[in-house]
Amino acid sequence: MIDRVANTFFHLLAQSSVLKKMASRYGMRRPTSFARRFIAGETVEEAIAAARALEARRLHLTLDLLGESVTSLDSAASATREYLDVVDAVIASGVERFISLKLTQLGLDVDKATAVDNLRKILERAEPAGFFVRIDMENSPYTDVTLEIFETLWQQGYRQIGVVLQSALRRSERDLQRMTALGARVRLVKGAYKEPKSVAYQKKSEVDAAYVRMMKTVLATGHYPAIATHDRAMIDLAKQFARDHNVATDKFEFQMLYGIRRDLQTSLVKEGYRVRVYVPFGREWFPYFMRRLAERPANVGFVLRGILGESG
Ligand SMILES: Cc1cc2nc3c(=O)[nH]c(=O)nc-3n(C[C@H](O)[C@H](O)[C@H](O)COP(=O)(O)OP(=O)(O)OC[C@H]3O[C@@H](n4cnc5c(N)ncnc54)[C@H](O)[C@@H]3O)c2cc1C
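Heads up: these notes are all about the structure in this document.

## Observations concerning the overall build of the protein
Thinking step 1. Across its full length, the protein carries 12 helices and 8 strands.
Thinking step 2. The C-alpha atoms of the protein give 19 Å as radius of gyration, which agrees with the globular expectation for 312 residues (20 Å, within 12%).
Thinking step 3. For the protein, the spread of C-alpha atoms along the principal axes amounts to about 55 × 45 × 40 Å.
Thinking step 4. Going through the 312 residues of the protein one by one, you find that 52% of them count as buried.
Thinking step 5. Taking as baseline every contact in the protein between residues at least 6 positions apart, the subset at least 24 positions apart corresponds to 72%.
Thinking step 6. Accessible surface for the protein amounts to roughly 14,100 Å². Of this, 53% is attributable to carbon and sulfur atoms.

Pasting the structure below:
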C-alpha cells in the first residue's frame, strides 16, 4: 500500500517543472552529483567512458540517449540526428554496438509515419555496422503502436531489432505469443509506468507471477531473450529454469539498469552469465530519473542528501 502511494506520488512529481528545473541544476553538475548514480552523464563521451568501465568488468551494455515525448517534428528530427551521432561515436570508440531508444523520442506523438522514418534512418546506419537496436516500451497508450511498428520493420527485413514486453500489463502474455511466433528477441521487464487497473495488474504478486510465467516462455522458446530485472527471486528462478531445461548460458542474458544492484551484476558475471547494463545518458534525464525513484522510495534519501550537499 505504502509503495503504491509513493509510486503515485513520484509519478505526479515527475510532471513538476519546478522540480525538474531544480534537479537539472544540481543533479549532474559534478561527478558526485546525485543523478549520476543512475545516469552515466550528459554527453556521449561520458556515456562511452561509462561503457568502457563496464566492459572492463566484463559486462555488456546498451546505450540509451535519454529523451521521450517530443512535441514537434523539429525536436524529433534533432533527436534522430543526435542518435546518428551516437551511432558514429560508438563505432569510433570501439565499445559494443548496442543501443536502446524510444519511439516518442523520434516523434511518435506528433506523426507516426515520421517516427517510423526516423527510426529507419537510424537502422540504416546502425544495422550494417552490426548494431542491435532495442525499442523500449513506453506506457500502455503506446503498446499497440510500438508492436505494430516493430512488426512492420521486421516484415521489411530488419532483424537486428528487439522489443520489450511488460509483465504488469494483462495483455503481455498474448503479445509474447505474437512476438515469439515472429522470432523476435524480447526484453522482459515488469513495467516502469503507473498504469490503470483496466489494463495492468495492481498487486506486485500478480506482476511477479506473470513475470515468472513469461520468463519461462521466453527461455523455452529461445530467441535470445533478455531477463531484465534486479529482482533476486526472478533471477534465481530464471537460472533454475535454464538449468532444468538445458538452456545454455549463451542463449539468454540478464539485463540491469546502470547504477542498480552493481553487486548482483558482478556476481552473475562471475557465475558465467551474460549481463547487459542499460546505460542512460543525455540532458533529458529527469523523467527516467523519477521513474527510478518511484520504483524505490529508499533512493530518495540519498538524493536528498545529495541535494543538500550540493546546494550549500
Ligand atoms: C535493462 C532494463 C531495461 C528496461 N526497459 C524498460 C522498458 O523498456 N519499459 C519499461 O516499462 N520498463 C523498463 N525497465 C524497468 C522495469 O520495467 C522495472 O521498472 C525495473 O526494472 C524495476 O523492476 P525490477 O524487475 O527490478 O523489480 P522490483 O520488484 O521493482 O525490484 C526488485 C529489487 O531490485 C532492486 N531495485 C529495483 N529498482 C530499483 C531502483 N530504482 N533503485 C534501486 N534498487 C532497485 C531492489 O533491490 C528491489 O528490491 C527496464 C529495466 C531494465 C533492467
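## As for the site of the ligand
Thinking step 1. Every one of the 25 residues lining the ligand counts as a neighbour, but Gly191, Lys204, Thr229, His230 and Glu295 are closest to it.
Thinking step 2. For the ligand, an oxygen atom lies 2.7 Å from a polar atom in the backbone of Gly191.
Thinking step 3. In isolation the ligand has 920 Å² of accessible area, and contact with the protein removes 88% of it.
Thinking step 4. Among the elements of the structure, strand S4 (161-166), strand S5 (185-189), strand S7 (253-257) and helix H11 (286-295) are those that each provide at least two residues to the shell around the ligand.
Thinking step 5. A per-element tally of the shell around the ligand places S7 first, with 3 residues.
Thinking step 6. Residues of the shell around the ligand, tallied by class, amount to 10 nonpolar, 6 polar and 9 charged.

## A closer look at the side chain of Asn118
Thinking step 1. Here Asn118 is to be found in helix H5 (residues 112-126).
Thinking step 2. Among the polar contacts listed, one links the side chain of Asn118 to the side chain of Thr80, at a separation of 3.4 Å.
Thinking step 3. Setting aside chain neighbours within four positions, we find Asn118 in contact with Ala76, Ala77, Thr80 and Leu106.

## Some thoughts on the nonpolar core
Thinking step 1. Leu63, Ile99, Leu119, Ile227, Phe254 and Val279 are the most contacted members of the largest nonpolar core, which has 77 residues in total.
Thinking step 2. If we skip the residues at most four places from it in the chain, Leu119 touches Leu101, Leu103, Leu106, Ile135, Ile149 and Leu153.
Thinking step 3. In this structure, Met28, Ala35, Leu257 and Val300 belong to the second largest nonpolar core, which totals 18 residues.

## With respect to the pairing of S4
Thinking step 1. The buried fraction of S4 amounts to 6 of the 6 residues, a majority that puts the element mostly inside the structure.
Thinking step 2. Side chains of S4 alternate between two faces, with Ile161, Val163 and Leu165 and Gly162, Val164 and Gln166 buried alike.
Thinking step 3. Where strand S3 (residues 132-135) lies against S4, 2 bridges are found, and the strand directions are parallel. Across the sheet, the residue bridging to Arg134 is Gly162, located in S4.
Thinking step 4. Each parallel crossover has a hand, and for S3 linked through helix H6 (residues 143-155) to S4 it is right-handed.
Thinking step 5. Strand direction decides the pairing type here: S4 and S5, joined by 5 bridges, are parallel. Along S5, the bridge assignment pairs Val164 with Arg187.

## Re the packing of helix H3 (residues 44-56) against helix H4 (residues 73-93)
Thinking step 1. Axis separation between H3 and H4 bottoms out at 11 Å; the angle between their running directions is 40°. Relative to H4, the element H3 lies oblique. Seen from above, H3 lies across H4 with right-handed handedness. Of the residues in H4, those touching H3 at Val44, Ile48 and Arg52 are Val86, Ala89, Val90 and Ser93.
Thinking step 2. Looking at side-chain class alone, the contact of H3 with H4 contains 5 nonpolar, 1 polar and 1 charged residues.

Parameters and conventions
Residues numbered from 1 in each chain as written. Predicted model: local features only at pLDDT ≥ 70, side-chain atom pairs only at ≥ 80, totals over all residues. Heavy atoms only, no water. Helix = DSSP H or I, 4+ residues; strand = E, 2+ residues; numbered from the N terminus. Rg over C-alpha atoms; globule rule 2.2 N^0.38 Å. Buried < 20%, exposed > 50% of the residue type's maximum accessible area, 1.4 Å probe, protein only. Contact = heavy atoms within 4.5 Å. Areas by Shrake-Rupley, 256 points an atom, 1.4 Å probe, with all protein chains shown as cover. Near = heavy atom within 4 Å. Polar contact = N/O pair within 3.5 Å; in protein donor to acceptor, adjacent residues only side chain to side chain. Nonpolar A, V, L, I, M, F, W, Y, C, P; charged D, E, K, R; others polar. Core = buried A, V, L, I, M, F, W, Y, C linked by side-chain atoms within 4.5 Å. Pairing = 2+ DSSP bridges. Right-handed = clockwise from strand over helix to strand, strands pointing away. Axes fitted to C-alpha atoms, helices over the stretch in contact; angles between N-to-C directions. Parallel < 35°, antiparallel > 145°, perpendicular 65-115°, else oblique. Left-handed = near helix turned anticlockwise from the far one by under 90°.

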